[in-house]
Amino acid sequence: MGFPLGHMIPRVLSGVQPSGNLHIGNYLGALTNWVRIQHDYESIFCIVDLHAVTVFQKPDELRVSIRDLAALFLASGIDPKHSRIVVQSSVPAHAELAWLLTCVTPMGWLERMTQFKAKAALQESIGDGLFQYPVLMAADILLYQAAIVPVGEDQLQHLELTRDIAQRFNALYGETFVMPATKLPAVGARIMGLDDPSAKMSKSATGAGHMVALLDPPERIKKTIMRATTDSGSGVDFETMGPGVANLLNIFQAFADWSNDQMRAHFAGMRYGDLKKQVAEMVVSKLEPLQARYREITSDSGYLDGVLRAGAEAVTPVADSTVRLVKQRMGLGA
Ligand code: ATP
Ligand code: LTN
């Protein structure tokens, strides 16, 4: 299935946690960017289940979420004939490299991570896994010598840390890792909550009206968008608009793939009610075909099993050879 991973062309790697319903922020910030660039590189897209268990997950629900997420990758347009879809825990080298990198990562670097601070504030007791989370992410990337990592804006700090870890390892043990570059989408890198445009749209947020999930039925999508928080004005003014209106325009622009000029010409002066109607229609029209593909894919569990098996089989030799090299550099093993 597809070409064998041979590292003839630069590699792309990214991942999403199977920790809840995927939303339009994940789709616009990550998945559409993956789909857009996948054929220009050797592409590996991970379902990062080892990251998900840094906070408690009900085992039966996690099992289902992992498969659902793989189906959503495919429904979004990831092409399994070309790209590898990999369940992180099915390739043991992720965890092994994470440990080796933990040993070259100063605690102070991890203490500075804003995502850790935000997530830790929500937990009664903090697992060590949550603290080490960014090192595991660095391992995902460095394991495949990925040159490009397409993510949303919230991951910039983790990517910087990944480069710091790679540099430190290279300085201590000799040139080993490729330095990965971050790739943000031009529009949609940070979609905000529809109920509160000052907070990033997030899978783990619980408020009604916060997000549009990729599998929400059309009526629900319309309702959520029509109720989105805007500001006290009544018509779109590109000079003075608040974050709620900017977020709605951003969502429309990312789905429609329009230029800034097109956006201004079409939306300047439009009443908020009409803006919301048009955003809702755009989102529904883009998600309906994705939802149909998702239903098709999930009706054939054998197909999904095959894609995940092929993904793990293709990447394992690459992952194993990096771990072998790293251990050799560190003086470990025979
Ligand atoms: P959680 O809030 O539960 O941590 P999440 O919604 O942030 O989850 P992740 O699995 O952490 O989702 O992120 C998957 C990908 O989606 C990452 O590349 C991340 O940068 C991107 N992403 C997440 N939220 C947004 C958002 N609101 N806007 C744009 N991109 C996003
Ligand atoms: N930490 C990321 C998910 C993630 C990832 C990765 C992204 C885990 N490993 C490797 C890019 C590359 C997140 O929370 N969104």
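The shown structure was predicted, so the numbers you read here are calculated from the model rather than taken from an experiment.

A. A look at the nonpolar core. Phe73 and Val283 are the most contacted members of the largest nonpolar core, which totals 64 residues. Here this core gets 11 residues from one element, more than from any other, and that element is helix α12 (residues 272–298). With sequence-adjacent residues up to four places away left out, Phe73 is seen in contact with Val16, Leu31, Trp34, Phe45, Cys46, Ile47, Ile78 and Ile85. Core analysis: the second largest hydrophobic core is formed by 43 residues, Val104, Leu142, Phe177 and Val315 among them.

B. Focus on the environment of Gly242. Assignment of secondary structure puts Gly242 in the loop between α9 (218–226) and α10 (243–256). The sequence separation of Gly242 and Ser232 amounts to 10 residues, and the corresponding C-alpha distance is 9.0 Å.

C. Inspection of empty space enclosed by the protein at higher detail. Counted by the stated rule, this structure contains 1 cavity of 30 Å³ or more. Of the voids in this model, the largest cavity is the one considered here, and its volume is about 40 Å³. Taken together, Met113, Gln115, Phe116, Lys119, Leu130, Tyr133, Pro134 and His158 form the lining of the largest cavity. Its residues assigned to classes, the lining of the largest cavity comprises 5 nonpolar, 2 polar and 1 charged.

D. Fine view of the site of ligand 1. Around ligand 1, the surrounding shell holds 21 residues, and the nearest of these are Asp154, Ile191, Lys200, Ser202 and Lys203. Taking Gly25, its main chain carries an N or O atom lying 3.1 Å from a nitrogen atom of ligand 1. The separation between an oxygen atom of ligand 1 and a polar side-chain atom of Lys203 is 2.7 Å. Here ligand 1 loses 96% of its free accessible area of 600 Å² to cover by the protein chains. Residue contributions to the shell around ligand 1 peak at 4 residues, all from helix α1 (residues 24–37). Grouping the amino acids of the shell around ligand 1 by side-chain chemistry returns 6 nonpolar, 10 polar and 5 charged.

E. The arrangement of the site of ligand 2 in detail. Every one of the 14 residues lining ligand 2 counts as a neighbour, but His51, Tyr133, Met137, Asp140 and Gln155 are closest to it. In the model, an oxygen atom of ligand 2 is placed 3.3 Å from a nitrogen or oxygen of the Gln17 side chain. Here Tyr133 contributes a side-chain N or O atom positioned 2.5 Å from an oxygen atom of ligand 2. In isolation ligand 2 exposes 360 Å². Once the protein is present, 91% of that is buried. The cavity where ligand 2 resides is the largest pocket. Secondary structure elements with two or more residues in the shell around ligand 2: β1 (11–16) and α7 (128–143). The leading source of residues in the shell around ligand 2 is α7, at 4 residues.

F. Inspection of the side chain of Ser202 at higher detail. Relative to the helices and strands, Ser202 is located in the loop between β5 (181–183) and α9. In this structure Ser202 comes out as buried when scored by relative accessible area, which is 18%. Those residues in contact with Ser202 that lie beyond four places of it in its chain are His23, His210 and Met211.

G. Layout of the pairing of strand β3 (residues 84–87). Across the two faces of β3 the burial is the same, with Arg84 and Val86 and Ile85 and Val87 all buried. When strand β2 (residues 42–47) meets β3, the two strands line up parallel, connected through 4 bridges. Bridging across to β3, Cys46 finds its partner in Val86.

Analysis parameters
Residues numbered from 1 in each chain as written. Chains lettered and ligands numbered in written order. Predicted model: local features only at pLDDT ≥ 70, side-chain atom pairs only at ≥ 80, totals over all residues. Heavy atoms only, no water. Core = buried A, V, L, I, M, F, W, Y, C linked by side-chain atoms within 4.5 Å. Buried < 20%, exposed > 50% of the residue type's maximum accessible area, 1.4 Å probe, protein only. Helix = DSSP H or I, 4+ residues; strand = E, 2+ residues; numbered from the N terminus. Contact = heavy atoms within 4.5 Å. 1 Å grid on protein atoms, 1.4 Å probe; cavity = no way out; pocket = protein on both sides within 12 Å on 5 of 7 lines; lining within 4 Å. Points joined across faces, edges and corners; volume = space filled by probe spheres on them. Nonpolar A, V, L, I, M, F, W, Y, C, P; charged D, E, K, R; others polar. Near = heavy atom within 4 Å. Polar contact = N/O pair within 3.5 Å; in protein donor to acceptor, adjacent residues only side chain to side chain. Areas by Shrake-Rupley, 256 points an atom, 1.4 Å probe, with all protein chains shown as cover. Sits in = over half its atoms within 2 Å of the grid points. Pairing = 2+ DSSP bridges.

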